[in-house]
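# What the coordinates show
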Amino acid sequence: MKMLVEKIEKKFDQEKVIEEFEDLTKDAGRIQEETLKKILEQNGGTEYLQQWGLNGRTDPQTFKNCIPIVTHNDLDPYIQRIADGDLSPILSGKPIETISLSSGTTQGKPKFVPFNDELMESTMQIFKTSFAFRNREFPIGNGKALQFIYSRKQFKTKGGLAAGTATTNVYRNAQFKKTMKAMCTPCCSPDEVIFGPDFHQSLYCHLLCGLIFRDEVQVVSSAFAHSIVHALRTFEQVWEALIVDIRDGVLSSRVTVPSIRLAMSKLLKPDPELADTIYNKCSRLSNWYGLIPELFPNTRYIYGIMTGSMEPYLKKLRHYAGELPLLSADYGSSEGWVGVNVNPKLPPELVTYAVLPNIAYFEFIPLGENLNGMEKANSPVGLTEVKLGEEYEILITNFAGLYRYRLGDVVKVKGFHNGTPELQFVCRRNLLLSINIDKNTEKDLQLAVEAASKRLVDEKLEVVDFTSQVNVSADPGHYVIFWELSGEATDEMLQDCCNCLDSSFIDAGYVSSRKVNAIGALELRIVKRGTFHKILDHFVGLGGAVSQFKTPRCVGPKNSSLLQILSSNVVETYVSTAFC
C-alpha cells in the first residue's frame, strides 16, 4: 500500500482510476465471490467463524447457511475483548490495532468498531474513485480545500489499542494527507487546527485560514453538510473579529491553545487590503446570500455528505452557496464503505451510490412493506440479485471482523452501473416514529417539517434544526417535535405550524390512529436559540468528533441526557387541533 500511495502522490491518473472502477463493476458478481473468499481465507481460523462450522469453505451459499445475521449487540462482547487486550484471533486473523467509534448520535453512546489497514485502503479507494468522477465534471487545478474537519485525540483502550472516531482514524493516517495532496486539494488549515483540542477555536481558525488563502480555495467541504452550515452560521457572528485579525496580523485572544496560536502566527501577517476586501464583500451581501462565492471566488463546488439526516440543511447551504453546485459525498459508515457517487452532477436529493464490489461482501434484505420489522424478515439476496425500484436493508461482511452485519440502513435500487447497483439512501431503519400501527421514518418526519416550515417563509424565519420524540408516558401516546427557530414567531403562526405538522404525516396507520384518538395530538415544542449547539457541545464532550456529528432526528428513551437538554430549553408548547 505504501508504494501505491507514493505512486499516487507523484501523479493522480484520473482516467486510470475510472477505468479500474469500470472493470470492477462490469464483473461485480465474480468480484463479490472473490472478495468473500479472500475475507474467509484471511479470517477462517478465528474464534468467531470457527464456532459456526464453516470448516474452511468460502463459497457464498455455505457462508449464508452457516453464519447468522447479527447486530452490533451480538458482536459487542467479542469487540470488547479485543479492546481489552485479548490478542487471540477472535474476529480477524490479523491483530486489530485500532478501534473506531461510531458517531453515537443515534443511540446516545458511541459503538466500538474494529478498524484496520484494509478499511483504510478501501477509504482511499473510495476517495480516489469519487474524486476522479467529480474532477471529470468539475475539474480543479492546483489549489486548496477549505475543509471544516476536526479530529479528536485518539485514546488508548484498556488493552492499549488506539481508539478514535472513524474520521479521526482517517485524518490521522499519513495516507490521507498524501492522497489529498495528489488530488490537488490539500487542506488550507495546518494540522494543529485540524487536531486542536477545542473545536470552537479550530473552527475560528479554519475560517481565518480560508480567508487568508481565499484566492486558492477551490473546494469548500466537510464530512457532513451540517458542519459547513454550522461554520458559516458562526462566520455570521465572528466575521468582524476575523477581519481585525487579518488587518492587524494578530490572532484573536479567543484562541488560547498554544499549538494553534503558534501555527497560525506563521500564516497570519498584517493585510489591510485583504481586510478591506472581505469587509466590503460582507457588507454588500443580502442576508448572507452567496456568502461562499463572495468570500472564495475560485470555488468550484461545495462537497460533503448531504443525504439522509443532512437533507434538512440543504436549503441553508444553497443560500450560502448561491449558484455554486452542491456535490454529495460518498456512502459509508463507521463499519465500512458501501458506495461511491459516480454521478456528481445529480442534485443531493437524487444522488445515488454505485457499490464497489471489492471493498466488502454485501447482502440485501428485501423489505417491501416490512420496514418496521414486525413480520419475519425475507431472505437476503446478493449484490447482483437486487431488483430495480426495490428497497433493502444492507448487510456487510468486511475485512475487519464484521460478518453479515446489519448496518441498519434502508436503501432503494435506482439503477445499475454496469453490473453493480446504484443505491439511494432512504433512511435509518431503527429511526421510526411509531406508537400504534403507525410507521413514520426519518424521511416522513423531514417532509412534515418541510411542509410546516413553509408557513414561516413570509416572516423570513427558518427552522434552524429539529428533532422528535415519541411520548408514551401520556395516554394515548403522541409525537413531540422540537424546533429551534431563527427568530420570534407569533403564537398564531406556530399553532398553524403545529397543526400542519400533524396533518403532514400521511402514513395510513398514523392518520387512522389519530382519527380514533389511538394516537394523541402532536405537540410542537419551541426551544431556545442555541439549544442544538448545546447538543453538539454535549456530543463533543462525550468524545465525539464534530466532523461526525449528526443531529438525532428521533430521540429514544435511553438517550436521557439529550432529552434533558431539550426539555430544559423549551420556551413554548403548542398542541395540534388538526384532528379535532
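Bear in mind the structure is a predicted one, so any value in this text is a computation, not a measurement.

What follows is about the overall build of the protein. Counting its secondary structure elements, the protein contains 21 helices and 20 strands. Split into buried and exposed, the 580 residues of the protein put 58% on the buried side. A fraction of 72% describes how many contacts in the protein between residues 6 or more apart in sequence connect residues 24 or more apart. Carbon and sulfur atoms make up 50% of the accessible area of the protein, which amounts to about 24,300 Å² in all.

This brings us to the layout of surface pockets. Within this model, the second largest pocket holds a volume of roughly 920 Å³. Lining of the second largest pocket is provided by 35 residues; of these, Arg233, Lys316, Glu462, Val464 and Arg529 occupy positions nearest its centre. Breaking the lining of the second largest pocket down by element, the ones donating at least two residues are helix 11 (199-212), helix 12 (225-248), helix 16 (314-321), strand 17 (463-471) and helix 20 (531-541). With eight residues, the single largest contributor to the lining of the second largest pocket is helix 12. Partitioned by chemical class, the residues of the lining of the second largest pocket number 13 nonpolar, twelve polar and ten charged.

The subject of this paragraph is the sheet that holds strand 15 (residues 405-417). On the basis of which strands lie adjacent, the open sheet formed by eight strands has the order 9-10-11-16-15-14-12-13 and antiparallel pairing. Either end of the sheet is taken by a strand with one partner, and the two such strands are strand 9 (331-333) and strand 13 (381-382). Across five bridges, strand 14 (residues 391-397) lies against strand 15 in antiparallel orientation. Within the sheet, the bridge partner assigned to Glu393 lies in strand 15 and is Val410. Against the sheet, helix 3 (residues 28-43) contacts strand 12 (361-366), strand 14 and strand 16 (420-428), and its axis sits at roughly 115 degrees relative to strand 12.

Attention now moves to the pattern of salt bridges. With the rule as written, the count across this model stands at 20 salt bridges. Among the ionic pairs, Asp276 bridges to Arg247, the shortest N-O distance being 2.9 Å. You can see Asp276 sitting in helix 14 (residues 272-284) and its partner Arg247 sitting in helix 12, a full 29 residues away along the chain. Of the residues examined, Arg247 reaches a relative accessible area of 31% and is grouped as partly exposed. The shortest N-O distance in the salt bridge between Lys316 and Glu462 comes to 3.0 Å. Residue Lys316 is located in helix 16, and its partner Glu462 is located in the loop between helix 17 (442-453) and strand 17; the two are separated by 146 residues in the primary sequence. Overall, the relative accessible area of 11% leaves Lys316 in the buried class. Owing to a relative accessible area of 22%, Glu462 belongs among the partly exposed residues under this scheme. Each of Asp27, Arg30 and Glu34 takes part in a single network of salt bridges with overlapping partners.

Attention now goes to the nonpolar core. The biggest cluster of nonpolar side chains holds 144 residues, and the ones touching the most others in it are Leu75, Val220, Phe235, Ile302, Phe362 and Ile394. At twelve residues, the largest contribution of residues to this core is made by helix 12. With sequence-adjacent residues up to four places away left out, Leu75 is seen in contact with Tyr48, Val70, Leu91, Gly401, Leu402 and Tyr405. Core analysis: the second largest hydrophobic core is formed by 28 residues, Leu494, Cys500, Leu501 and Ile519 among them.

Burial runs high along strand 10 (residues 336-340): five of the five residues are buried. In this sheet, strand 10 lies alongside strand 9 in antiparallel orientation, the contact comprising three bridges. When the bridges of strand 10 are listed, Ser333 appears paired with Gly336. Once strand 9 ends, the chain turns through two residues before running back antiparallel as strand 10. Pairing between strand 10 and strand 11 (residues 353-355): two bridges, direction antiparallel. Within strand 11, the residue paired with Val340 across the bridge is Ala354.

For the rest of this paragraph, the subject is the packing of aromatic side chains. Counted by the stated rule, this structure contains 17 aromatic pairs. Taken together, the ring pairs in this structure connect Tyr48, Trp52, Tyr78 and Tyr403 into an aromatic cluster. The side chain of Arg134 reaches across the aromatic face of Tyr303, ending 3.8 Å from its centre. If you follow Arg553 out to its NZ or CZ, it ends over the ring of Phe466, 4.2 Å from the centre.

A surface patch of like charges, here negative, comprises Asp13, Glu19, Glu20 and Asp23. By the element assignment, Glu20 lies in helix 2 (residues 14-26). Under the relative-accessibility criterion, Glu20 is labelled partly exposed at 43%.

For the rest of this paragraph, the subject is the sheet that holds strand 18 (residues 478-485). If you trace the four strands from one edge of the open sheet to the other, you get 17-18-19-20, paired in mixed fashion. Pairing within the sheet leaves two strands with one partner each, and these edge strands are strand 17 and strand 20 (570-575). On average, adjacent strands in this sheet sit at an angle of 20 degrees to one another, irrespective of strand direction. With five bridges joining them, strand 19 (residues 523-527) and strand 20 adopt antiparallel strand pairing. Paired with Val527 across the two strands is Val570, which belongs to strand 20. Strands strand 17 and strand 18 of the sheet are contacted by helix 17, whose axis makes an angle of about 130 degrees with strand 17. Sitting on the sheet, helix 18 (residues 491-504) touches strand 18, strand 19 and strand 20, and the angle it makes with strand 20 is about 60 degrees.

Our focus in this paragraph is unusual backbone geometry. With a phi angle near 65 degrees, Trp288 is a residue other than glycine that sits in the positive phi range. With respect to the helices and strands, the residue Trp288 is situated in the loop between helix 14 and helix 15 (291-295). Phi is positive for Lys460, close to 55 degrees, though the residue is something other than glycine. Residue position: Lys460 is located in the loop between helix 17 and strand 17. Classification of Lys460 by relative accessible area gives exposed; the value is 76%.

Attention now moves to the side chain of Thr62. Position of Thr62 among the secondary structure elements: in helix 5 (residues 60-66). Overall, the relative accessible area of 11% leaves Thr62 in the buried class. Looking at Thr62, its side chain comes within polar contact range of the side chain of Asp59, at 2.7 Å. Sequence-distant contacts of Thr62, defined by excluding residues within four places in its chain, comprise Leu54 and Arg57.

Rules of the game
Residues numbered from 1 in each chain as written. Predicted model: local features only at pLDDT ≥ 70, side-chain atom pairs only at ≥ 80, totals over all residues. Heavy atoms only, no water. Helix = DSSP H or I, 4+ residues; strand = E, 2+ residues; numbered from the N terminus. Buried < 20%, exposed > 50% of the residue type's maximum accessible area, 1.4 Å probe, protein only. Contact = heavy atoms within 4.5 Å. Areas by Shrake-Rupley, 256 points an atom, 1.4 Å probe, with all protein chains shown as cover. 1 Å grid on protein atoms, 1.4 Å probe; cavity = no way out; pocket = protein on both sides within 12 Å on 5 of 7 lines; lining within 4 Å. Points joined across faces, edges and corners; volume = space filled by probe spheres on them. Nonpolar A, V, L, I, M, F, W, Y, C, P; charged D, E, K, R; others polar. Pairing = 2+ DSSP bridges. Axes fitted to C-alpha atoms, helices over the stretch in contact; angles between N-to-C directions. Salt bridge = Lys/Arg side-chain N within 4 Å of Asp/Glu carboxyl O. Core = buried A, V, L, I, M, F, W, Y, C linked by side-chain atoms within 4.5 Å. Phe/Tyr/Trp six-rings, centres within 6.5 Å; stacked < 30°, edge-to-face > 60°. Lys NZ or Arg CZ within 6 Å of the ring centre and 35° of its normal. Patch = residues over 30% accessible without salt bridge, like charges linked within 9 Å, V, L, I, M, F, W, Y side chains within 5 Å. Lys, Arg positive; Asp, Glu negative; His and termini not counted. Charge placed at Lys NZ, Arg CZ, Asp CG, Glu CD. Polar contact = N/O pair within 3.5 Å; in protein donor to acceptor, adjacent residues only side chain to side chain.

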